[in-house]
Structures are given as structure tokens and as C-alpha cells.
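# Structural description and commentary
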Amino acid sequence: ASIILNIETTVFTPIQGILKSLSIVTGHLAGAKRFREIKRTVRKILSLGLAMAILIALTLALFHNPIISIFSTEYVVMSEVRNMLLFIIIYIITFPIIMGCSYVFFGLEKSSYTFMFLIFNLIILIVSMTVFTHILGLSSLGIYLSIILSNVTEAIAMIFVLKSFLNAKIDTYEIKKEANTI
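Let us look at the structure shown here. (Residues numbered from 1 in each chain as written. Predicted model: local features only at pLDDT ≥ 70, side-chain atom pairs only at ≥ 80, totals over all residues. Heavy atoms only, no water.)

### Here we look at the environment of Leu 86
- Following the sequence through the fold, Leu 86 ends up in helix 4 (residues 75-107).
- Residue Leu 86 is classed as partly exposed on the basis of its relative accessible area, which comes to 37%.
- In this structure the C-alpha to C-alpha distance between Leu 86 and Leu 60, which are 26 residues apart in sequence, comes to 8.0 Å. (Helix = DSSP H or I, 4+ residues; strand = E, 2+ residues; numbered from the N terminus. Buried < 20%, exposed > 50% of the residue type's maximum accessible area, 1.4 Å probe, protein only.)

### Digging into helix 5 (residues 111-135)
- The first and last C-alpha atoms of helix 5 sit 35 Å apart over 25 residues, in line with the 36 Å expected at 1.5 Å per residue.
- Among all positions of helix 5, only Thr 114, Phe 117, Asn 121, Ile 124, Leu 125, Ser 128, Phe 132 and Thr 133 are buried.
- The positive-phi residue at the C-terminal boundary of helix 5 is Gly 137, with phi of around 65°. (Expected span 1.5 Å × (residues − 1).)

### Overview of a positive patch on the surface
- The grouping of Arg 40, Arg 43, Lys 44 and Lys 163 at the surface amounts to a positive patch.
- Its location among the elements puts Arg 40 in helix 2 (residues 35-62). (Patch = residues over 30% accessible without salt bridge, like charges linked within 9 Å, V, L, I, M, F, W, Y side chains within 5 Å. Areas by Shrake-Rupley, 256 points an atom, 1.4 Å probe, with all protein chains shown as cover. Salt bridge = Lys/Arg side-chain N within 4 Å of Asp/Glu carboxyl O. Lys, Arg positive; Asp, Glu negative; His and termini not counted. Charge placed at Lys NZ, Arg CZ, Asp CG, Glu CD.)

Everything listed is a geometric property; what it means functionally is a separate question.
What follows is the structure, given as C-alpha cells:
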């Protein structure tokens, strides 16, 4: 487990560093009522985070054997670490979307949305884990699939809600702007 935590920390730290800027930038732009710029900024930073995640995932996929052998030479440990590393490769792609949207919600003073999505993720995780492990009998593979399914679902839902929220803010602000110019 400590091997995976070391790899995970190394992998996620640069992406999280980029995504943290979203909270500050979003807060500043929301205060200035520049919601179109928020939308553009979010798209650019999430794209950058996603590109980094894909690059890191590809690197881990190509070089997972040498990376694993750095940490251990025991076959049992290497096999389990290989499985977990392949899971991280898939998991890392959803990470920038979930974290980025969370930081945007913090910047928009909608941190309750992030909490709501966490509960949503947990419900999907528990239901899918029950189905995959107990009903289908997939054991550890079922756990990995449950985590991936819950994160992909959460990422899609977060993007939809964030896009809808920003579009509503843009429409509301433009209506107010037009009313003030008349």
C-alpha cells in the first residue's frame, strides 16, 4: 500500500497544483461577474489537467514494470502493485475533472455542491461495489470497477451541473446588463 501511495503522490501532485488555481481565479472572476471568462478558464485548466493526466497515465502504462521493480522484487507484491497501478492509470483520468470542478465550486462559493457530489459518489460506489463483489463475485476487480464507475459518473455529473450553473449565470448577468443599458 505504501508503494502505491508513493506513486500516487508523485503522480497527482503536479495535476493538483494546476487545479488549485481554479479556486482563486474563479472566485476573482465571479466577484467581477465575468462568467464567460470563468467558463473559458475552467475549460483551459481542465484541458491542461486532463492532458497531464493522460500523459502520466500513458507513461505509467508503458513503464509500469520498471516502476514496480524499483519498489519491490517479490512476485506477490509486484503482482498486486501491478494491478493497483493499472487501476491508478484509469483512475487518474477522472481525477482532474473531479478535483477541478470541486475547486471551481469552492471559488463560486458553492462548496455544498462538492459535498452533494461526494454523497452521490458514495451511493454509486456502495451500490456498484455490492453488485460487482457480492452478486457478480468479482472480488478485488469488482472494487476497482466500482471506484472507476463511481468516479466517471461523478465527473460527468459535475461537468453537467457546472456547465448548467455557469450558463445560467451568463444568461442572468446578460439580461441584467441589457436592462441597465436601456
